[in-house]
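What follows is each chain in one-letter form.
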Amino acid sequence: MAHEIVERNRDLSALVLAGIPARGVALAERLAADIEAIAQARVATGVIDVSMHRDDVGMRVSLPVVRASQLPKPLEERTVVIVDDVLFTGRTCRAAMDAIRSFGRPACLQLAALVDRGHRDLPIRADFVGKNLPTARAEQVRVRLAEIDQEPDGVWLFKANE
Amino acid sequence: MGSGFSKQMNSSILRWTRKDLLGLRELSAEEINFVLETADAFKQVGTREVKKVPALLGKTLINLFIEPSTRTRTSFELAAKRLSADIVNISAATSSLTKGETLKDTARVLEANHADIIVLRHSSAGAPQFLASRIGASVINAGDGAHEHPTQGLLDLYTIREKKGRVAGLHIAIIGDILFSRVARSNIFALLKMGARVTLVGPSTLVPREFEQLGVAVSHQLDEVLPTADVVNLLRIQHERQRKEYFPGLGEYIRLFGLTKARAVLLKPDCLIMHPGPINRGVEIDSELADGVQSVILDQVTNGLAVRMAVLYLCAGIATP
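Please read these numbers as outputs of a predicted model, since none were measured by experiment.

### Observations concerning the overall build of chain A
Of regular secondary structure, chain A possesses 4 helices and 7 strands. Secondary structure of chain A in N-to-C order comes out as α-β-α-β-β-α-β-β-β-α-β. Here the C-alpha radius of gyration of chain A, 16 Å, is about what a compact globule of 162 residues would show, namely 15 Å. Projected onto its principal axes, the C-alpha positions of chain A cover 45 × 35 × 30 Å. Across the 162 residues of chain A, 52% fall into the buried class. Considering only intrachain contacts with a sequence separation of at least 6, the fraction spanning at least 24 residues in chain A is 65%. Put simply, chain A shows about 7,700 Å² of open surface, and 51% of that area lies on carbon and sulfur atoms.

### Focus: the packing of aromatic side chains
Residue and element names in this part refer to chain B. For the coordinates displayed, the defined rule picks out 3 aromatic pairs over all chains. Look at W16 and F34: their rings are 6.1 Å apart centre to centre, the planes differ by 25°, and that puts the pair in the stacked class. One end of the pair, W16, is in the loop between α1 (4-10) and α2 (29-45); the other, F34, is in helix α2, with 18 residues separating them in the sequence. Given a relative accessible area of 3%, W16 falls into the buried group. Take F34: its relative accessible area is 0%, and that puts it in the buried class. Here the aromatic rings of Y253 and F257 are separated by 5.7 Å at their centres, their planes lie at 40°, and the arrangement is tilted. Here the residue Y253 and the residue F257 both occupy positions in helix α9 (residues 250-257), the gap between them amounting to 4 residues, near one helical turn. Looking at F257, the relative accessible area reads 5%, which means it is buried.

### A few points about the sheet that holds strand β6 (residues 197-201) of chain B
Within a sheet, each strand pairs with its neighbour through backbone hydrogen bonds, oriented either parallel or antiparallel. Residues and elements named next belong to chain B. Within the open sheet, the 5 strands sit side by side as β7-β6-β5-β8-β9. Their pairing is parallel. Edge strands, defined here as strands with exactly one partner in the open sheet, are β7 (217-219) and β9 (272-274). When the angles between neighbouring strand axes are averaged without regard to direction, this sheet yields 20°. In this structure, β6 lies alongside β7, joined through 3 bridges in parallel fashion. The partner of T199 across the bridge, within β7, is A217. Contacts from helix α7 (residues 182-193) reach β5 (171-175), β6 and β8 (231-234) within the one sheet, and its direction differs from that of β5 by about 170°.

### As for the interface of chain B and chain A
Listed per partner, the contact involves 34 residues of chain B and 34 residues of chain A. Both faces combined, the contact of chain B with chain A buries some 2,900 Å², and carbon together with sulfur accounts for 59% of it. The interface formed by chain B and chain A contains 1 salt bridge. Where E37 of chain B meets R67 of chain A, a salt bridge forms, and the shortest distance between an N and an O atom there is 3.0 Å. Summed over the shared surface of chain B and chain A, the result is 12 residue pairs in polar contact (both at pLDDT 80 or more). Every element with two or more residues in the side of chain B that touches chain A is listed here: α1, α2 and α12 (297-316) of chain B. When residues in the side of chain B that touches chain A are grouped by element, the largest group, 8 residues, is from α2 of chain B. Grouping the amino acids of the side of chain B that touches chain A by side-chain chemistry returns 18 nonpolar, 9 polar and 7 charged.

### Details of the pattern of salt bridges
Residue and element names in this part refer to chain A. For the structure on display, the rule yields 33 salt bridges over all chains. R91 serves as the salt-bridge partner of D121, at 3.1 Å between the closest nitrogen and oxygen. Remark: R91 occurs in helix α3 (residues 91-101) and D121 occurs in the loop between β4 (108-116) and β5 (128-132); sequence separation between them is 30 residues. A salt bridge links R144 to D149; the nearest nitrogen and oxygen atoms lie 4.0 Å apart. Looking at R144, the relative accessible area reads 19%, which means it is buried. Via salt bridges that share partners, D55, R91, R94, D98, D121 and R137 belong to a single interconnected network.

### A closer look at the nonpolar core
Core analysis: the largest hydrophobic core is formed by 98 residues, its most contacted members being F42, I174, V232 and L312 of chain B. Here this core gets 11 residues from one element, more than from any other, and that element is α12 of chain B. Ignoring any residue separated from it by four or fewer positions in sequence, one finds F42 of chain B in contact with M52 and V66 of chain A together with V53, L83, A306, M309, A310 and Y313 of chain B.

### What to know about the packing of α2 of chain B against α12 of chain B
Residue and element names in this part refer to chain B. Axis separation between α2 and α12 bottoms out at 8 Å; the angle between their running directions is 115°. As judged from the angle between their axes, α2 and α12 are roughly perpendicular. Crossing geometry of α2 relative to α12 is assigned as right-handed. The residues of α12 that touch α2, namely those facing F34, V35, T38, A39, F42, K43 and V45, are N303, A306, V307, M309, A310, V311, Y313 and L314. Looking at the contact of α2 with α12, its residues break down into 12 nonpolar, 2 polar and 1 charged.

### Remarks on the state of the cysteines
Residues and elements named next belong to chain A. According to the stated counting rule, one finds 0 disulfides over all chains in the structure shown. Here C108 is not disulfide-linked; the sulfur of C93 is the nearest cysteine sulfur, at 12 Å. With a relative accessible area of 27%, C108 lands in the partly exposed category.

The rules behind each value
- Residues numbered from 1 in each chain as written.
- Chains lettered and ligands numbered in written order.
- Predicted model: local features only at pLDDT ≥ 70, side-chain atom pairs only at ≥ 80, totals over all residues.
- Heavy atoms only, no water.
- Helix = DSSP H or I, 4+ residues; strand = E, 2+ residues; numbered from the N terminus.
- Rg over C-alpha atoms; globule rule 2.2 N^0.38 Å.
- Buried < 20%, exposed > 50% of the residue type's maximum accessible area, 1.4 Å probe, protein only.
- Contact = heavy atoms within 4.5 Å.
- Areas by Shrake-Rupley, 256 points an atom, 1.4 Å probe, with all protein chains shown as cover.
- Phe/Tyr/Trp six-rings, centres within 6.5 Å; stacked < 30°, edge-to-face > 60°.
- Pairing = 2+ DSSP bridges.
- Axes fitted to C-alpha atoms, helices over the stretch in contact; angles between N-to-C directions.
- Buried area = accessible area lost by both parts, 1.4 Å probe.
- Salt bridge = Lys/Arg side-chain N within 4 Å of Asp/Glu carboxyl O.
- Polar contact = N/O pair within 3.5 Å; in protein donor to acceptor, adjacent residues only side chain to side chain.
- Nonpolar A, V, L, I, M, F, W, Y, C, P; charged D, E, K, R; others polar.
- Core = buried A, V, L, I, M, F, W, Y, C linked by side-chain atoms within 4.5 Å.
- Parallel < 35°, antiparallel > 145°, perpendicular 65-115°, else oblique.
- Left-handed = near helix turned anticlockwise from the far one by under 90°.
- Disulfide = S-S within 2.5 Å.

Shown next as structure tokens:
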């Protein structure tokens, strides 16, 4: 994925890898480290929490904590790569695009997902995908990352009701 | 950005499930922390190019202020607007309560108008609890009598945590009219839960020894408390709540309990000076100190907006039965 990002984006100084908490943030850091190893250039990273921009407010029985978003200023002239662990319905990505808009007007938005499991509700596709994983809609995909979950890296597919 | 991870782990297991915020007494330390962390995210929104988020788009908030207030009402109004909620202000003078309508009927009328959140300020302790148990809308206590003022307690805590990096282990002196102060009560409940040491200071008529049962120290000698305080929170003398005189006169109050320039030399250099406002300059605090380097009085106002955005987002953001 890091190679693809470097290939697509000639000007790495204009790039921002914006992770969606929690695992997208960790993945953005890993991608930044890989890009540094490949291209000897440190790209900017950021955090984009989408909680305030979701379209299901008032529909959930409980709320997780909202993280502070952080993006470099100004965003104009920059390319922001939204980084998430699993791409599913596309609603999180839609919310991330709205959230980024409140920081400014980037030149270009791209999407990187470690796993694309299909079943989109919205006309959204990823620019960079680690692994396409065919799933049934009721199944659950969980990504585990050592720095977040204190267990070995892994992608788990769970059957419904498990 | 890697530094954010350990912080992210803290409360990620916890989720918010309350539709109302009635007081800080019933919140756990974890829940208080949860609100403060959520407020961090909303404080960041104030630095964006577009300072408005669609979190409460389509929700309606009613500011029902049966007792006068400018700063709290304005703060809630701005918070609601930054969350994209629609807002209506109702004050005592313009409400039908002056025509004899009961609080419950007023609230039911508001609910029939599809209000999702009612922010209530009322002169009677317990009014928000009364309302919350009878209607489906979220009820946020914006001050009930001398009982609690939870969002003020939270913004005080947020300001201390922001400036000092922690709350646990700090010594907080709350000075002045404790007996009639809902701000004091909310502060006491929250500070003790977060592991701070609290000393209440004031004349024995306004700071009776009974408060010690809450787990705080009580002192009537300000000069003895100031040297060890990490934060002094000065409360306004609430003339409107005192039916009889609780101290001989303002001159004597200032001499014994006012934070004067002469007395401020006793403070640690990094001691924070806080005041919930409105300030009686020259009574609780000398003008120069209120505007001085130790004062975080205006930070409290700014943080109040972030804390109230967090509270509205959390309480109104969950599904109601």
